[in-house]
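Read off the chains here:
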Amino acid sequence: MPDNQTDTPSQPFIVPFATEPGFAALGAQFYTRLRPTPLPSPYLVDIAPAAAALLGWDTDVATRQEFIETFVGNAVPDWADPLASVYSGHQFGVWAGQLGDGRAIRLAQASTPAGPWEIQLKGAGLTPYSRMADGRAVLRSSIREYLCSEAMAALGVPTTRALSIVGSDAPVRRETIETSAVVTRLSPTFIRFGHFEHFAAHDDVASLRQLADFVIDNFMPACRETPQPYLALLREASLRTADLVAHWQAVGFCHGVMNTDNMSILGLTIDYGPFGFLDAFDANHICNHSDTQGRYAYSQQPQVAFWNLHCLAQALLPLWLDRNATDSEAAREAAVASAREALDPFRDRYASEFFRHYRGKLGLHAPAGGDKEDEPLLTGLFQLLHEQRVDYTLFWRNLARISSADGSQDAPVRDLFLDRAAWDAWAAGYRTRLQAEQSDDASRRAAMLAVNPKYVLRNHLAETAIRAAREKDFSEVQRLLAVLSRPFDEQPEAESYAALPPDWASGLEVSCSS
Ligand code: AMP
Ligand code: MG
């Protein structure tokens, strides 16, 4: 908002967006209307400029007490229609039954020039779906979700967004006593695979169909133009999920809890908990300390995504099952075959996106012989990075600086390897490839620096911001957010944010406790 219109407390607090019912129009079986539970003496931790802009807000708005009271859940404005939705899901490969928004409360759906944004509070108190938990979120995990949502958006990875964090000193018990916070999240919709699984598990085909129609009509209208819109929805969700996970792999992001209730039907990264970015490359890195089996290890993410899509397919199946068929067994087999067909493109799409990302990271053009030609170079590289535990982000960034002619500019990347000869051997093959395509160093470098981030949310960076915030110093959250909002830009004043993690970082553990 322009300076001369800066809000003063005497002016009414006006939201710059209209609202529409959206998800609320679906009907009572999808949610429970309720009010957030107030928190005492709330204070602003931070507001994200880019997310605020999506709603038409300048960050000044957060100086208003009304903003703080609304986005901690103490005031329910007349534009809000707060509700918690019900869903189910598979957790760690096992059917978990009913889950639902246990601590998330949707306030409203804003309609903006860029489309609908559901506005949701996370940590705003008990809901009918809280089960044995307290409906709260701690400051620590709220800062992590807030920073990573916005960092991922800046990296170009599909994600839900985070508008603000409002804190309160109200104690919350986790392993220790911590303080509360509410993150306001934005997403076109928060519908998860688990929403479909819920109605399928209850054999409520009418609601299942209604939910699928809602997603198609609002977010995937092209599916409606196909002979089998529900199969097209499954196919679209598969493709988006393939794109998403290929992008995760490329930036070195581990989600940590890829349960089906944490999978967005729109293929967005959702529910930031025990996530992590790779520091030293370990293909089998497990970022979630609670994941003792490594089900959600970095290398497992593509397979797990595909497994989750099978759960979604299973849930949607009644929508194309011919219930009037005389031979019900044959009808079921036909429905399963159709589901398989709709899921099938996942593999090819994942593979092509994977190669596209990594070719971009390597600054290479597509080879005449197709993706297969890139395989040996990439396989050799992953093996090398894994064996040498090379820092993933620094590797790609420094790789951009080498010369395609000879090893004279190799030092920044070569020094990341303990076994320099192993680097030299791989680099020789890479240089041969660069020379074969007559790569121009300057333009290749620029292209590589535009896709290989300098700044990612390493655990220790988040931890440093969290420790300061616990002492009521929120400046580090703000500074880190600003750095991560321009991940591909050189920011000389922020050089330390791009450095190798300090020794103490190896002792950091993140778990499902949030
Ligand atoms: P998550 O693993 O964070 O995605 O959570 C799994 C389920 O537990 C979801 O239904 C959450 O809403 C619920 N949940 C997690 N933490 C809490 C909490 N502190 N209070 C209420 N429900 C929670
Ligand atoms: Mg969740």
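Residues numbered from 1 in each chain as written. Chains lettered and ligands numbered in written order. Predicted model: local features only at pLDDT ≥ 70, side-chain atom pairs only at ≥ 80, totals over all residues. Heavy atoms only, no water.

Enquirer: For this particular structure, what's the right way to read the overall build of the protein?
Expert: Looking only at helices and strands, the protein has 16 helices and 13 strands in total. In summary, the protein has a C-alpha radius of gyration of 24 Å against a globular reference of 24 Å for 514 residues, a match within 12%. C-alpha atoms of the protein, sized along the principal axes, occupy 70 × 65 × 45 Å. Put simply, the protein has 514 residues, and 58% of those count as buried. The long-range fraction of contacts in the protein, counting pairs at least 24 apart against all pairs at least 6 apart in sequence, stands at 72%. Entry remark: accessible area of the protein is about 20800 Å², with carbon and sulfur atoms responsible for 52%. Taking the 45 positively charged and 63 negatively charged side chains of the protein as two groups, their mean positions are separated by 2 Å. (Helix = DSSP H or I, 4+ residues; strand = E, 2+ residues; numbered from the N terminus. Rg over C-alpha atoms; globule rule 2.2 N^0.38 Å. Buried < 20%, exposed > 50% of the residue type's maximum accessible area, 1.4 Å probe, protein only. Contact = heavy atoms within 4.5 Å. Areas by Shrake-Rupley, 256 points an atom, 1.4 Å probe, with all protein chains shown as cover. Lys, Arg positive; Asp, Glu negative; His and termini not counted. Charge placed at Lys NZ, Arg CZ, Asp CG, Glu CD.)

Enquirer: I would appreciate a short explanation of the pairing of strand E10 (residues 161-173) in the present structure.
Expert: Looking along a regular strand, one sees the side chains alternate between the two faces of the sheet. Of all 13 residues making up E10, ten are buried, and the element is well covered by its neighbours. Bridging between strand E3 (residues 43-47) and E10 involves four bridges; their strand directions are antiparallel. Within E10, the residue paired with Tyr 43 across the bridge is Gly 167. Note: E10 against strand E11 (residues 177-187), ten bridges, orientation antiparallel. (Pairing = 2+ DSSP bridges.)

Enquirer: Which parts of the structure should I look at to understand the packing of aromatic side chains?
Expert: Each pair of aromatic rings is reported with the distance of its centres and the angle of its planes. Inspection of every chain in the model, using the stated rule, returns 38 aromatic pairs. Judged by centre distance (6.0 Å) and plane angle (45°), the ring pair of Phe 354 and Phe 382 falls under tilted. One end of the pair, Phe 354, is in helix H9 (residues 345-362); the other, Phe 382, is in helix H10 (residues 375-388), with 28 residues separating them in the sequence. For the pair shown, Phe 354 and Phe 382 are each scored as buried. For the pair Tyr 358 and Phe 382, a centre-to-centre distance of 5.1 Å together with 90° between the ring planes defines the contact as edge-to-face. Of this pair, Tyr 358 sits in helix H9 while Phe 382 sits in helix H10, placing them 24 residues apart in sequence. Judged by relative accessible area, which is 1%, Tyr 358 ranks as buried. (Phe/Tyr/Trp six-rings, centres within 6.5 Å; stacked < 30°, edge-to-face > 60°.)

Enquirer: Any chance you could explain the nonpolar core here in plain terms?
Expert: Buried together is how nonpolar side chains tend to be arranged in soluble globular proteins. With 160 residues, the main nonpolar core has Trp 57, Phe 196 and Phe 395 as its most contacted residues. The element that contributes the greatest number of residues to this core is helix H6 (residues 229-251), accounting for twelve residues. Beyond its immediate sequence surroundings of up to four residues, Phe 196 is in contact with Ile 191, Leu 208, Leu 211, Ala 212, Val 215, Ile 265, Leu 312, Ala 315 and Leu 316. (Core = buried A, V, L, I, M, F, W, Y, C linked by side-chain atoms within 4.5 Å.)

Enquirer: Mind showing me how you'd approach the site of ligand 1 here?
Expert: Of all residues adjacent to ligand 1, which total 17 residues, the nearest are Gly 100, Gly 102, Arg 131, Gly 135 and Asn 262. For ligand 1, a nitrogen atom lies 3.4 Å from a polar atom in the side chain of Arg 174. Isolated, ligand 1 exposes 480 Å² of accessible area, and the fraction of that covered by the protein chains is 83%. Taken together, the residues that form the shell around ligand 1 break down as three nonpolar, six polar and eight charged. (Near = heavy atom within 4 Å. Polar contact = N/O pair within 3.5 Å; in protein donor to acceptor, adjacent residues only side chain to side chain. Nonpolar A, V, L, I, M, F, W, Y, C, P; charged D, E, K, R; others polar.)

Enquirer: Before we go on, may I ask you to explain the coordination of the magnesium ion (ligand 2) in this structure?
Expert: Think of it this way: four donors in a tetrahedron around the metal ideally sit 109.5 degrees apart, and six in an octahedron ideally sit 90 or 180 degrees apart. Distances from the magnesium ion (ligand 2) to its protein donors, Asn 262 (OD1) and Asp 271 (OD), fall within 2.0 to 2.2 Å. Each member of the pair, Asn 262 as well as Asp 271, is classed as buried. (Donors = N, O, S within 2.8 Å, 3.2 Å for Na, K, Ca; no water.)

Enquirer: I would appreciate a short explanation of the pairing of strand E8 (residues 115-122) in the present structure.
Expert: Among the eight residues in E8, six count as buried, and that is most of the element. In this structure, E8 lies alongside E11, joined through five bridges in antiparallel fashion. From the neighbouring strand, Glu 118 faces E11, where its bridge partner is Ser 187.

Enquirer: Please clarify how helix H7 (residues 301-316) should be interpreted in this entry.
Expert: Spacing of three or four residues puts side chains on the same side of an α-helix, whose turn is 3.6 residues. With 16 residues, H7 should reach 22 Å at 1.5 Å per residue; the first-to-last C-alpha distance of 22 Å fits that figure. For H7, the full list of buried residues reads Gln 301, Pro 302, Val 304, Ala 305, Phe 306, Asn 308, Leu 309, Cys 311, Leu 312, Ala 313, Ala 315 and Leu 316. (Expected span 1.5 Å × (residues − 1).)

Enquirer: Could you clarify how one ought to interpret the environment of Ala 505 in this entry?
Expert: Mapped onto the fold, Ala 505 is located in the segment after helix H16 (475-484). On the basis of relative accessible area, Ala 505 is assigned to the buried category, the value being 14%. Considered as a pair, Ala 505 and Leu 449 are 56 residues apart in the sequence and their alpha carbons are 26 Å apart.

Enquirer: Explain helix H4 (residues 193-201) to me, please; I cannot follow it from the model alone.
Expert: Of all nine residues making up H4, seven are buried, and the element is well covered by its neighbours. All buried positions along H4 are accounted for by Phe 193, Gly 194, His 195, Phe 196, Glu 197, His 198 and Phe 199. Looking at the buried residues of H4, the elements they touch are strand E4 (83-85), strand E5 (88-91), strand E6 (94-98), helix H5 (205-219), H6 and H7. Taken from the residues just after H4, Asp 203 is the one with a positive phi, measuring 55°.

Enquirer: What exactly am I supposed to notice about the pattern of salt bridges here?
Expert: Pairing between side chains becomes possible if they bear opposite charge and their charged atoms approach one another. Tallying each qualifying case throughout the model produces 36 salt bridges. With a shortest N-O distance of 3.1 Å, Arg 224 and Asp 213 are connected by a salt bridge. Of the two residues, Arg 224 is situated in the loop between H5 and H6 and Asp 213 in helix H5; the sequence distance between them amounts to eleven residues. The exposure class assigned to Arg 224 is partly exposed, which follows from its relative accessible area of 33%. A salt bridge links Arg 444 to Asp 441; the shortest N-O distance between them is 3.0 Å. Of the two residues, Arg 444 and Asp 441 both sit in helix H14 (residues 441-449), three residues apart, roughly one turn of that helix. Residue classification places Arg 444 among the buried residues on the basis of a relative accessible area of 3%. (Salt bridge = Lys/Arg side-chain N within 4 Å of Asp/Glu carboxyl O.)

Enquirer: Looking at this model, I keep getting lost on the environment of Ser 514. Mind explaining?
Expert: Mapping Ser 514 onto the fold places it in the segment after H16. Given a relative accessible area of 14%, Ser 514 falls into the buried group. It is 28 Å that separates the C-alpha atoms of Ser 514 and Ala 237, two residues lying 277 residues apart in sequence. One polar contact links Ser 514 to Arg 103, side chain to side chain, over a distance of 2.8 Å.

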